[in-house]
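Below, each chain spelled out in residue letters.
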Amino acid sequence: MMKFHVLTLFPEMIKQGLSPSIIGKAAEKNIIAINPVNIRDYTQERHGKVDDTPYGGGAGMLIQAQPVYDAHRAVSGGRKLRTVYVTPQGRPFDQSLAKELAKEEELILLCGHYEGIDERVLEEVVTDYVSIGDYVLTGGELAAMVIIDAVARLIPGVLGNETSAQEESFHNDLLEYPQYSRPEVWKGKSVPKVLLSGNHREINKWRLEQSRERTERVRPDLYERYEARQQLIKRLSKDKRNNIHIMECLARGHGEILYAKGEDIAVYNRDSSTCMLKAASPESGRMLLKYCPDETRWHVVSQAFMKTLLLEQGCQEFCECRQFLYTQREPLPVQHKDIRRLGLESLEYICAHYDMETPEYIRDRLLAGVIYGAFVDQHLVGFIGMHDEGSLGLLYVEKPYRGRGIATSLEAYTVNRMLERGWIPYGHVIVGNETSVRLQEKLGFYQAKDTFWWIEKQ
Ligand code: ADE
């Protein structure tokens, strides 16, 4: 359960602002918790005074350091919790910051009023300064609510279905396409024909075109980023088998281009803190490494000299893999009928049978709704999933149930889920796992020539 503590002089505003909404419902269901804390309750001055005039003069009043500090201490209990001060002087709030904040288990939002807050307490407790836009509000409460709303809706369970949080605006630097519902004709305006056709490929094509047109017109800044990605995808597609991991990361809207000139390419996947690198030479490879963000946890490389460079820098080889991709568009037949999306109740089972990944990681994947299980007589006997950087993996079937096509069905099922989203399924198979190689080939996957290394940053 993610907790939002809001330090404010107007706790009622937070309570009343959020409780009737979807966010309020999620709080009722204990998926999230909203804890408005009145800064005034912590003042040591008489009559609940929390403000005073600024030194050096100037208009208005400032909130004093002491009550803010004590309110913060009361909530954090001395723990180092991420603390966001909402202020027009902050970093602009956007979807990627929302995603980043959604990873926290607890968040403190500090709302200013009057002319602001004594700088010394900000230095003491604040980790992030965030603005919701280039305009000035009378207080931080509305900004805090905006942030809570945008962060909370990314938490699994807050919105009804799994895909809704993933697919809409800003996901790929493109704005949402127009949508229509009944009636088919309203005020003489018909719903675009293609949407009634039932042809999903045509519908997706139309929606993409609408999104592009709208973005180019309304938000040229976003469109420029989108175009840069499309250009790079196009260049990479000349060697699709070896580049699919980078292409898909970009196409699915998770890839940030750190560097892309000629043969030197660095793309960062923020969701998985993974840098994917390709260099023209060891010299330029060294240069590319400088572009990797400090938070990088993984590097994926397919050139031996890049691996050497990383190991020289103290990184550790995690695994050596082959890359497989499925380039057909048609869904695969799924023989085994009882395959279901797994939830947290399966965490223990998966951890007990899969030791390549940590329990925290498995938990994260379950919460993301991307692990599927095969059941026989209502018993879970195997599973598969999508990794946080986008590849297929986490495949396991219990020994007594092997040789019955369950793994094949699990993988075919997941391939179909990926195709539905317009993705090209791909995966990494650890060198030496011949059973898996045969499975990929049987399903119609192609193997890339290069060897891939996952290198962990220490
Ligand atoms: N407080 C006042 N104005 C604000 C803004 N634009 N963003 C965040 N907090 C604020």
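Everything here concerns the structure above.
The present account deals with the structure reproduced in this document.

Cut-off values and rules
Residues numbered from 1 in each chain as written. Predicted model: local features only at pLDDT ≥ 70, side-chain atom pairs only at ≥ 80, totals over all residues. Heavy atoms only, no water. Near = heavy atom within 4 Å. Polar contact = N/O pair within 3.5 Å; in protein donor to acceptor, adjacent residues only side chain to side chain. Areas by Shrake-Rupley, 256 points an atom, 1.4 Å probe, with all protein chains shown as cover. Helix = DSSP H or I, 4+ residues; strand = E, 2+ residues; numbered from the N terminus. Nonpolar A, V, L, I, M, F, W, Y, C, P; charged D, E, K, R; others polar. Pairing = 2+ DSSP bridges. Axes fitted to C-alpha atoms, helices over the stretch in contact; angles between N-to-C directions. Parallel < 35°, antiparallel > 145°, perpendicular 65-115°, else oblique. Left-handed = near helix turned anticlockwise from the far one by under 90°. Contact = heavy atoms within 4.5 Å.

1. A closer look at the site of the ligand
At step 1: Inspection of the region around the ligand gives Val86, Thr87, Pro88, Val130, Ser131, Ile132, Gly133, Tyr135, Val136, Leu137, Gly139 and Ala143 as its neighbouring residues.
At step 2: Note that a nitrogen atom of the ligand is positioned 3.0 Å from one of the backbone N or O atoms of isoleucine 132.
At step 3: Within the backbone of tyrosine 135, an N or O atom sits 2.8 Å from a nitrogen atom of the ligand.
At step 4: Alone, the ligand offers 260 Å² of accessible surface; in the complex the protein occludes 96% of this.
At step 5: If you list the elements that add at least two residues to the shell around the ligand, you get strand S5 (82-92) and strand S7 (128-131).
At step 6: Per element, the largest residue contribution to the shell around the ligand is three residues, and it comes from S5.
At step 7: Partitioned by chemical class, the residues of the shell around the ligand number eight nonpolar, four polar and no charged.

2. Points about the sheet that holds S5
Pairing between sheet strands relies on hydrogen bonds along the backbone, with the strands arranged either parallel or antiparallel.
At step 1: Strand order in the open sheet formed by five strands is S2-S1-S6-S5-S7, and the pairing between neighbours is parallel. Both outer strands of the open sheet, strand S2 (32-38) and S7, are each paired with one neighbouring strand and no more. Between one strand and the next, the sheet's axes are offset by a mean angle of 30°, whatever the strand orientation.

3. Observations concerning the packing of helix H15 (residues 406-420) against helix H16 (residues 434-443)
At step 1: Where H15 meets H16, the closest approach of the two axes is 11 Å, and the angle between their N-to-C directions is 55°. Considering the angle they form, H15 stands oblique to H16. The way H15 lies across H16 gives a crossing that is right-handed. Residues Ala407, Thr408, Glu411 and Ala412 of H15 touch H16, and the partners they reach there are Leu439, Gln440, Lys442 and Leu443.
At step 2: When its residues are assigned to classes, the contact of H15 with H16 shows four nonpolar, two polar and two charged.

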